[in-house]
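The residues making up each chain are set out below.
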Amino acid sequence: MSKVKKDTIEVKGFAIQIYTDDFKNDYISLTDIARYKNVHEPKDVVKNWLRVRDTIEFLGLWETIHNPNFKGVEFDSFRKEAGTNAFTLSPQRWIENTNAIGIVSKSGRGGGTFAHPDIAMEFASWISAEFKLYLIQDYKRLKGDENSKLSLGWNLNREISKINYKIHTDAIK
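What you are looking at is a predicted structure, and each value in this text was computed from that prediction instead of being measured.

Enquirer: In this structure, what is going on with the overall build of the protein chain? I would like to understand it.
Expert: From N to C terminus, the protein chain includes 7 helices and 5 strands. Order of helices (α) and strands (β) in the protein chain, N terminus to C terminus: β-β-β-α-α-α-α-α-β-β-α-α. The C-alpha atoms of the protein chain give a radius of gyration of 21 Å, which is well past the 16 Å a tight globule of 173 residues would have. Within the structure as shown, the protein chain displays about 10,700 Å² of accessible surface, and the carbon and sulfur contribution to it stands at 53%. Computed over 26 positive and 23 negative side-chain charges, the separation of the two mean positions in the protein chain equals 4 Å.

Now the structure itself:
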C-alpha cells in the first residue's frame, strides 16, 4: 500500500481534510463539508443528501464512467427506492452494495466520509452555492501550490543535470 498524503484547506472558517493514497486521486471530506450545515451531526447531513434521487443518479453516472467494477443492478434498486419517505442510505451501504470507488468511508480518528472532488463539489452545491465557490477557490489554490512545488523540483533537477553535463564533458575532454 502506498503512502497517504493529507492536506487541509480552510473554507469559511471550517477545516476541510483532503487526502490521497496514490498521489493522483484526491478525496475531500464530506463530513467536514457537512459541518457547515450541522456542526454536531454531520453524518446525518451526508445521509440526507444520499436519500435524494438526483444524488443517487449523479453517483451512479459518475461510477459508471469511472468504475469498471460498478454494480449497476444494485444501483438500479437504489435509484428505484430513492426519494421515498422510507428510503435511507448510508455511505457504507452505498459502497458495499455497488462496489463504489467515488466515496470512501473511514472509521476512527481522522475518519469520516470522503469523496472524489467531482462528488464533493456536487455535495457542496447541495449544502450551499457560496460554500461551494469558496471550496473550489481554496482547492484550486492548494493544487496550484502543489504544482509550483513540483515545477520548482523539476527545475532544480534540470539545473543539476546541466551542471553535471558540463562536468562530465569537461572530464572527457
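Enquirer: Please explain the pairing of strand E5 (residues 112-115) as it appears in this structure.
Expert: Working note: regular strand, side chains alternate between the two faces of the sheet. Bridging between strand E3 (residues 27-29) and E5 involves 2 bridges; their strand directions are antiparallel. For Ser29, the partnering residue across the bridge sits in E5 and is Phe114. Two elements, strand E4 (residues 103-106) and E5, share 4 bridges in a ladder whose sense is antiparallel. Counted as the bridge partner of Val104 is Phe114 from E5. Between E4 and E5, which pair antiparallel one after the other, the connecting turn spans 5 residues, and Gly108 there sits at a positive phi close to 90 degrees.

Enquirer: When you look at the sheet that holds strand E2 (residues 14-20) in this model, what are you seeing that I'm missing?
Expert: For sheets, the rule is that strands pair by backbone hydrogen bonds, running either parallel or antiparallel. With respect to topology, 5 strands assemble into an open sheet ordered E1-E2-E3-E5-E4, the strand pairing being antiparallel. With one partner strand each, in any of the chains shown, strand E1 (5-11) and E4 form the two edges of the open sheet. The sheet shows a mean angle of 30 degrees between the axes of neighbouring strands, taken without regard to direction. The pairing of E1 with E2 spans 7 bridges and is classified as antiparallel. Bridged to Asp7 within E2 is Ile18.

Enquirer: How should the side chain of Asp138 be read in this particular structure?
Expert: Tracing the backbone through its elements, the reader meets Asp138 in helix H7 (residues 129-172). Buried and without a salt bridge, Asp138 has Arg141 as its closest oppositely charged side chain, separated by 4.3 Å. Setting aside its immediate chain neighbours within four residues, Asp138 contacts Ile9, Glu10 and Val11.

Enquirer: What is the right way to read the packing of aromatic side chains from this model?
Expert: Remark: the centre distance and the inter-plane angle together describe each pair of aromatic rings, the angle taken between the planes. Within the structure shown, the criterion is met by 11 aromatic pairs. On the basis of an interplanar angle of 80 degrees and a centroid distance of 5.7 Å, the ring pair of Phe14 and Tyr36 is categorised as edge-to-face. A residue pair is termed long-range when its members are at least 10 positions apart, and Phe14 in strand E2 and Tyr36 in the loop between helix H1 (30-34) and helix H2 (42-51) qualify at 22 residues. On the basis of relative accessibility, which here comes to 23%, the residue Tyr36 falls in the partly exposed class. Between the aromatic rings of Trp49 and Phe123, the centroid separation amounts to 5.0 Å while the plane-to-plane angle is 70 degrees, which identifies the pairing as edge-to-face. Of this pair, Trp49 sits in helix H2 while Phe123 is found in helix H6 (residues 117-127), placing the two residues 74 residues apart along the sequence. Phe123 matches Trp49 in its accessibility class, with the two residues each being buried. Aromatic ring contacts, followed pair by pair, group Phe70, Phe75, Phe78, Phe87 and Trp94 into a single cluster. Seen from the ring of Tyr19, Lys106 lies directly overhead, with NZ or CZ sitting 4.1 Å from the centre.

Calculation rules
Residues numbered from 1 in each chain as written. Predicted model: local features only at pLDDT ≥ 70, side-chain atom pairs only at ≥ 80, totals over all residues. Heavy atoms only, no water. Helix = DSSP H or I, 4+ residues; strand = E, 2+ residues; numbered from the N terminus. Rg over C-alpha atoms; globule rule 2.2 N^0.38 Å. Areas by Shrake-Rupley, 256 points an atom, 1.4 Å probe, with all protein chains shown as cover. Lys, Arg positive; Asp, Glu negative; His and termini not counted. Charge placed at Lys NZ, Arg CZ, Asp CG, Glu CD. Pairing = 2+ DSSP bridges. Axes fitted to C-alpha atoms, helices over the stretch in contact; angles between N-to-C directions. Buried < 20%, exposed > 50% of the residue type's maximum accessible area, 1.4 Å probe, protein only. Salt bridge = Lys/Arg side-chain N within 4 Å of Asp/Glu carboxyl O. Contact = heavy atoms within 4.5 Å. Phe/Tyr/Trp six-rings, centres within 6.5 Å; stacked < 30°, edge-to-face > 60°. Lys NZ or Arg CZ within 6 Å of the ring centre and 35° of its normal.

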